[in-house]
Amino acid sequence: MTSTNPLATALRTHLCGSLREAHVGERVRVGGWVHRARNLGGLVFVDLRDRAGLLQVSFAPGTATPEALAVAERLGPETVVLVEGEVVARPPEGRNPELETGAIELRAVSARVVGPAVTPAIPVARGKGEKLAAEELRLKHRILDLRRPELQANLIMRHRLLQRTRSTMSGLGFLEIETPILTKPTPEGARDFLVPSRMHKGEFFALPQSPQIYKQLLMVAGYDRYFQVARCFRDEDLRADRQLEFTQIDLEASFVSADDVQAVVETILVALWDEAGHAIPSPFPRLTWREAMERFGVDKPDLRYGLEIEDLSAYIGSDAAPFVSDAVSGGGRVRGIRVPLGAEASRKEIDAFTGVAKDAKAGGLIWAKRTEAGWEGQGVKAIGATALAALGGAPGELLLAVVGADAVTSPALHAVRSLAVKRPGIPQRLAHAFCWVVDFPLFERDTESGQHVPAHHPFTSPHADDFEFLERDPGRCRAQHYDAVYNGNELGSGSIRITDPAVQGLIFRLLGIDPEDQQRRFGFLLDGLAAGAPPHGGFALGFDRIAMLLAGAPSLRDVIAFPKTTAARALFEGAPTPVKAGDLQALHLTITD
C-alpha cells in the first residue's frame, strides 16, 4: 500500500500509537515491543508499544493465521514483533479512554517475532500503584528504563524544545557555530576535565566548561550573533539538577546592552514555555541582587509566593534578650517572615522550621504566634514586647525570625521560607514566575583564602559607575551580570563582557594572575581584544534544567538519555574504567597510589 507517512518503511506502514478511528478499515503493518499479553483461551490480546504509544492487537481464530496464533500464544514481555492486520473499531464497552488508540484495535492476520527478548531485568510495564525499581538498578539497565512511556515522553519533549530553540534563534538572526571540544584549560569556577595529549608529552587539553572565550572571539571576528546548543563539562560533585556533562543554549551578540541580551533570552524562554503549552508574559520583572537578598534571602527567589523577609531591627527595644540586643548593637540584624495562619502550627512544625534554619548555619530560630490576645511564644522574651507591639500583625500569623549578620540570616530565612510556602493555605500568586536578578557583586571572598575571586567568571565587565573602586575597594564593584530565574530555579547566567585588554589585564591582576601568567593562559584572548573588539554580551541557559522543569521530572537524569549517577558513574556501560598499561604509556601517564 502507498503511504504518505514519513515514518513508513518496508516493514511497517504506521507507528502503533499513531492509529486512530480514521484508520478503521485499513490494512496496516506495525512493529513494536510487547508491553503486555493476555491469553483468554484461544483469543490473545497484546498491547504493542512503540515511541508513539500503545496499540491493542487481537489474535482470534478465523482471522489470524494458525502461525500468527502460535506466535501470539508464546509472546513474552519486551519481545519485538511485526504484525499485519486490519484496524477495527472497538465496541463501546471495550473502549479505553486512557489511551489515544483506545477507540480502535488491530485485528491481526499475520505476525512474526523479529527481536526475541530475555526476561527483563526490570519491568517496563507497571500496574497501577506499582513502584519503579530502585534508581541505581534502572540506571544499570538504562535501555529497558528508556522504554518507559514517561521517559520517552520526556525525551520527545526535549527534542521539540531543541528544535524550537534553533528556529527561534535563527529567526532572531543568530548563526549556529560550533566551538572546540578539546580546549585550553581556563579558570571558570569549577574543575576542568583534562585530556592528555599523546603527540605532545606532558601537555593536556581540557574539555570546555563553556564556550565562553570562543564566543567572545567570534564577536571580535565580526560574526555579530552566535548561538550553539553546546555540550559542556565540569568535574564537580553531582546533584539532582547537575551532571558532569550537560547541555546549554549558548549565545553571544555584539553592539548590545544588558537589556538587549535579556530581551533575546526572554524571547527564547517564552517560545520554549509555549512549546510546552504555557503562555508566558514578558518582559520579566527585574530585581537587583541586593533587593533579592534583602526580600527573599537568596539570589534566585521564588516569586510565586509572598512571605517576604522583613527587617525588625528598628523595633528592638530595651526589653529584648541580651543576645538579640548585643547582635544588633554589633552590626547584626533581626529579620523574619510572617506566615499567614501559621499560628496553627504544631510544635513539630515549629521544630521543623528551627531545623532548616540550623541546617543553614543559624544558631536558632525565634518564633511567636499572634493570637487575639496578642503575641505568644518564646519570641516574646527574645525580641521583646516592645518590638512585637510595634510590628503589629494580624491574628493567626506566625513570626519566624533569625538574628545575626546578613550572611547568617539570609540563607536561614530562605530555607525557612521555602518550607513555609508548602503549608496549606499559603496562596500562590503565579504558576510561572520569571524574573531577572541583576547587578551582582563582581567579586566575592573565598571562604578558605579570604582572597577576592570572581563571583561568576573573570570576563564580566564591571558596572560603569564602579570602575573607580576596582583597585582600592574591589568588593564594592557591581558586575554587569544578570541571571534568569524561574520559580526559584536559576535557568542561566550572562553578562556584558570586558572588551578593553587593559581592563581585562587589571581584573586578572586583581585575581593574582601576573602579566607573564596572563599571556601564558589568556594571551589568545588578550590579543583578540587588542585587535578591535565590539561591545558584546551573552548568556547561557541550562537546557537540561529547562527540559526537566517543563517535563515535570524530579531529576535531570529523567530528561537525559544516558546520565551519570551522583557518584559520577555510567552504570549501564561501566564507566569510568581502568585502561591498559600500554594505553597509559602511549599517553605518557603513570598511575600512583
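For the structure, check the block above.
Below: a short report on this structure. Residue numbers here run from 1 along each chain, matching the order of that chain's written sequence. Where local features are concerned, this predicted model is filtered to residues with pLDDT of at least 70; where side-chain atom pairs are given and counted, the filter is 80 or more; whole-chain, interface and lining totals use all residues. Computation of side-chain values: all heavy atoms of the structure, hydrogens and water removed.

### Some words on the pattern of salt bridges
Salt bridge, as applied in this entry: a Lys or Arg side-chain nitrogen positioned within 4 Å of an Asp or Glu carboxyl oxygen. Tallied over the entire structure, the rule returns 41 salt bridges. Put simply, Arg 142 and Asp 145 hold a salt bridge, and the shortest N to O gap is 3.0 Å. Separated by 3 residues within a single helix, Arg 142 and Asp 145 lie in helix α3 (residues 142-145), roughly one turn from each other. Accessibility assignment for this pair places Arg 142 and Asp 145 in one class, buried. For Glu 294, the salt bridge goes to Arg 335, with nearest N and O atoms at 3.9 Å. With Glu 294 in helix α7 (residues 289-296) and Arg 335 in strand β13 (residues 333-339), this residue pair connects regions lying 41 residues apart in the sequence. Buried residues are those whose accessible area, probed at 1.4 Å on protein chains only, stays under 20% of the maximum for their type, while exposed residues exceed 50% and partly exposed ones sit between those limits. On the accessibility criterion, Glu 294 (30% relative accessible area) is partly exposed. The exposure class of Arg 335 is buried, given its relative accessible area of 0%. In this text, helices come from DSSP runs of H or I with a minimum length of four residues, and strands from runs of E with a minimum of two, each type numbered from the N-terminal end.

### Quick word on the sheet that holds strand β3 (residues 53-59)
Whether two strands pair depends on DSSP finding at least two bridges between them. The strand order β1-β2-β3-β5-β4 describes a closed barrel built from 5 strands, whose pairing is mixed. Going across the sheet, the axis of each strand differs from the next one's by a mean of 55°, ignoring polarity. Direction of pairing for strand β1 (residues 27-39) relative to strand β4 (residues 80-89): antiparallel, over a ladder of 7 bridges. Paired with Gly 32 across the strands is Val 81, a residue of β4. The contact rule is simple, with two residues in contact once any of their heavy atoms fall within 4.5 Å. For every element, the axis is a line fit to its C-alpha atoms; helices are fit only across the contacting stretch, and the angle between N-to-C directions ranges from 0 to 180 degrees. Contacts from helix α1 (residues 66-73) reach β1, β2 (44-50), β3 and β5 (104-115) within the one sheet, and its direction differs from that of β5 by about 80°.

### Comments concerning the packing of aromatic side chains
Any two of the Phe, Tyr and Trp rings considered here, Trp counted by its six-membered ring, make a pair once their centres fall within 6.5 Å; the pair's planes then place it as stacked at under 30 degrees, edge-to-face at over 60, or tilted in between. With the rule as written, the count across this model stands at 11 aromatic pairs. Between the aromatic rings of Trp 436 and Phe 539, the centroid separation amounts to 5.6 Å while the plane-to-plane angle is 80°, which identifies the pairing as edge-to-face. Linking Trp 436 in strand β17 (residues 434-438) with Phe 539 in strand β22 (residues 536-542), this pair joins segments that are 103 residues apart in sequence. Across the pair, exposure class does not vary: Trp 436 and Phe 539 are buried alike. Measuring from centroid to centroid gives 6.0 Å for Phe 459 and Phe 522, while their planes differ by 70°, and the two rings are edge-to-face. Placement of Phe 459 in the loop between β19 (452-454) and β20 (481-486) and of Phe 522 in helix α14 (residues 515-530) is noted, with a sequence separation of 63 residues between them. Put simply, the rings of Trp 273, Phe 284, Phe 434 and Tyr 486 touch in pairs and so form one group of aromatic residues. Against the face of Phe 469 rests Arg 476, its NZ or CZ located 3.9 Å from the ring centre. A ring is considered to have a charge above it if a Lys NZ or an Arg CZ atom is located within 6 Å of its centre and within 35 degrees of its normal.

### Focus on the sheet that holds strand β16 (residues 398-404)
One open sheet accounts for 5 strands, arranged β12-β13-β16-β14-β15; its pairing is antiparallel. The two strands at the open ends of the sheet, each matched to only one other strand, are β12 (310-311) and β15 (374-376). With 4 bridges connecting them, strand β14 (residues 366-371) and β16 associate as antiparallel partners. Bridge pairing links Trp 367 to Leu 400 in β16. Across the sheet, helix α12 (residues 406-420) lies against β13 and β16, angled at about 5° from β13, the strand it touches most.

### A word on the environment of Asp 250
With respect to the helices, strands and loops of the structure, Asp 250 is situated in strand β10 (residues 245-254). Considering only alpha carbons, one finds Asp 250 and Asp 235, 15 residues apart in sequence, at a separation of 20 Å. Discounting chain neighbours no more than four positions away, the residues touching Asp 250 are Pro 211, Lys 215, Tyr 226, Phe 227, Gln 228, Ala 230, Phe 539 and Ala 540. Any pair of N or O atoms that falls within 3.5 Å is considered a polar contact. Within protein, one atom must be able to donate a hydrogen and the other to accept it, and sequence-neighbouring residues count only if both atoms are side-chain atoms. A distance of 2.8 Å separates the side chain of Asp 250 from the side chain of Tyr 226, its partner in a polar contact.

### Here we look at helix α4 (residues 149-171)
In a regular helix each residue adds 1.5 Å, so 23 residues correspond to 33 Å; α4 covers 33 Å between its end C-alpha atoms and thus fits that length. When α4 is considered as a whole, its buried residues turn out to be Leu 151, Asn 154, Met 157, Arg 158, Leu 161, Leu 162, Thr 165, Thr 168 and Met 169. Those residues of α4 that are buried are in contact with α3, β9 (225-233), β10, α6 (258-275) and α15 (543-551). With its phi angle positive at about 85°, Gly 173 sits one or two positions after the end of α4. The span one expects for a helix is its residue count, reduced by one, times 1.5 Å.

### Let's talk about the nonpolar core
Membership of the largest hydrophobic core comes to 40 residues, with the highest contact counts inside it found for Leu 251, Leu 269, Trp 273, Leu 491, Phe 539 and Leu 541. When near neighbours in sequence (up to four residues on either side) are disregarded, Trp 273 contacts His 278, Ile 280, His 432, Phe 434, Tyr 486, Leu 491, Ile 546 and Leu 550. Residues belong to one nonpolar core when they are buried, are Ala, Val, Leu, Ile, Met, Phe, Trp, Tyr or Cys, and are joined through side-chain atoms within 4.5 Å. Within the second largest apolar cluster, 24 residues are counted, among which are Val 30, Leu 55, Ala 68 and Ala 72.

### Looking at unusual backbone geometry
Residues Ser 282 and Pro 283 are joined by a peptide bond in cis, for which omega reads 5°. Of note, Pro 283 is situated in the loop between α6 and β11 (286-288). The step from Ala 575 to Pro 576 runs through a cis peptide bond, and the omega angle for that step is 0°. Secondary-structure assignment places Pro 576 in the loop between α15 and α16 (581-586). Residues other than glycine seldom take positive phi values, yet Phe 255 does so here, at roughly 55°. Structurally, the position occupied by Phe 255 is in the loop between β10 and α6. For Phe 255, a relative accessible area of 61% corresponds to the exposed category. Even without being glycine, Leu 341 reaches a positive phi, approximately 60°.

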